[in-house]
Every structure is written in C-alpha cells, then in structure tokens.
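Structural characterization, general
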Amino acid sequence: MQLVVGRIGRAHGIKGEVTVEVRTDEPELRLGPGAVLATDPASTGPLTIESGRVHSGRLMLRFAGVRDRTAAEALRNTLLIAEVDPEELPEDEDEFYDHQLMDLDVVTVDGTEVGRITEISHLPSQDLFIVERPDGSEVMIPFVEEIVTEIDLEEQKAVIDPPPGLIDDRAEIASSREDSVEEESA
C-alpha cells in the first residue's frame, strides 16, 4: 500500500537541496537516507534520498541526481510516496495510519450514530475527520483527544464526545449581549 509521507517545497541553496512538508509521524523511518520514494506526478520519480537535515525547524532533503537549484525547483509540489505493508502498525498505540481510519463508523459516547469517515484532512494545527452523515451531509470532527475519545479498530468505530454545536444546531451560548443589557438596567 502506498502512503503520502511528504510534499516537496521550494529549493534551498544552490546544491539541489529542497524543503519538505512532512506528512508522516515517522519521518526518521520513511524519509531517511537511502529511502526510495515513488512520486506524484510519477514522471518526477522515483527519488532516492541521499541526505537530510533539519534547518530552522524544517526538513531539508537532497535526492540522488539532483545537483543544482534548477533541478530542485523542478520538484516543487511533488508528493513523496512510501510503500508500506498494509499490516504494519505505527509504533505508538495511539497513532493510526489514514487507511486504518477510513470508513470507520462514528458514534457518540451514548451510542448515537453520526456517520462514516470518508476523508482525513491534515491541517497544520490538527487533523480533521470528514464524516458523511446518513442524510448525505458532511460534518468535520477535529481528531483531538478531547473529542475523539476512542478508536476501536476491531469494532471498526470511532467514539466521539462532541461539544455542543459540533454535530448539531444546539450550541450553548456562554454569554449573550441581551443578558448583560438586562443586568445593567436592573
């Protein structure tokens, strides 16, 4: 099975190095020297990682055969894809690969059916489950410990404890302007 593990950013310097937006929780395993990665678009790869380093909090990679800035810049926005055994699990038991989470049923802690995970969106601050509801609408669920309380791969379900308003229209209003106006006139 193929997993996207990074996206090539801009060229860095003049010797073929590029910045990489990491899209894996295991960069040392997937993006280490000697790793051979497929690419999207396929015409730019496969790419073999020659060396890597972290500079100012960003991963910098150099690929075999890419020796100058022009060649590095030609790789910009290329997705890096690793071949992974479908049975392989992340080292940390609280981590999951996207393919493990896709199509899980989503239920609330009281057992109410919410829908099914159809997509996982990886954002800079957190990941989001895109959940298709039985009526065909979609709801976005932040994949954070406070909301997603349990992932049960054997039962094929994700249990959530959503705050008011996340999956329904019944948001609790902590304070309102009308309440404060009434207090002032009293």
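Residues numbered from 1 in each chain as written. Predicted model: local features only at pLDDT ≥ 70, side-chain atom pairs only at ≥ 80, totals over all residues. Heavy atoms only, no water.

Looking up the chain in an unreviewed UniProt entry gives the name Ribosome maturation factor RimM, with the organism given as Streptomyces tabacisoli. Per its UniProt entry, the chain bears the Subunit (unreviewed entry) comment "Binds ribosomal protein uS19." The heading Function (unreviewed entry) in the UniProt record of the chain holds the text "An accessory protein needed during the final step in the assembly of 30S ribosomal subunit, possibly for assembly of the head region. Essential for efficient processing of 16S rRNA. May be needed both before and after RbfA during the maturation of 16S rRNA. It has affinity for free ribosomal 30S subunits but not for 70S ribosomes." (UniProt positions renumbered as here; feature names shortened; annotations may be inferred.)

Going through the model one piece at a time under the given rule, you end up with six salt bridges. One connected set of salt bridges, linked through shared partners, spans Asp 103, Arg 116 and Glu 132. (Salt bridge = Lys/Arg side-chain N within 4 Å of Asp/Glu carboxyl O.)

To summarise the sheet geometry, strands pair through backbone hydrogen bonds and adopt either a parallel or an antiparallel arrangement. Strand order in the open sheet formed by six strands is 10-9-8-7-12-11, with mixed pairing between adjacent strands. Each of the sheet's edge strands pairs with one partner strand only, and the pair in question is strand 10 (138–142) and strand 11 (148–152). Adjacent strand axes in the sheet meet at a mean angle of 35°, parallel and antiparallel pairs treated alike. In terms of strand pairing, strand 7 (residues 105–108) meets strand 8 (residues 113–122) through three bridges, oriented antiparallel. Among the inter-strand pairings, Val 106 is bridged to a residue of strand 8, identified as Gly 115. (Pairing = 2+ DSSP bridges. Helix = DSSP H or I, 4+ residues; strand = E, 2+ residues; numbered from the N terminus. Axes fitted to C-alpha atoms, helices over the stretch in contact; angles between N-to-C directions.)

Here we come to the layout of surface pockets. By volume, the largest pocket amounts to about 1000 Å³. As for the largest pocket, its lining consists of 32 residues, and the residues nearest its centre are Asp 25, Phe 96, Asp 98, His 122 and Asp 127. For the lining of the largest pocket, the elements supplying multiple residues, two or more each, are strand 1 (2–12), strand 2 (17–22), helix 3 (98–101), strand 8, strand 9 (127–132) and strand 11. Take the lining of the largest pocket: its biggest share by element is four residues, from strand 11. Residues that form the lining of the largest pocket fall into these classes: 17 nonpolar, three polar and 12 charged. (1 Å grid on protein atoms, 1.4 Å probe; cavity = no way out; pocket = protein on both sides within 12 Å on 5 of 7 lines; lining within 4 Å. Points joined across faces, edges and corners; volume = space filled by probe spheres on them. Nonpolar A, V, L, I, M, F, W, Y, C, P; charged D, E, K, R; others polar.)

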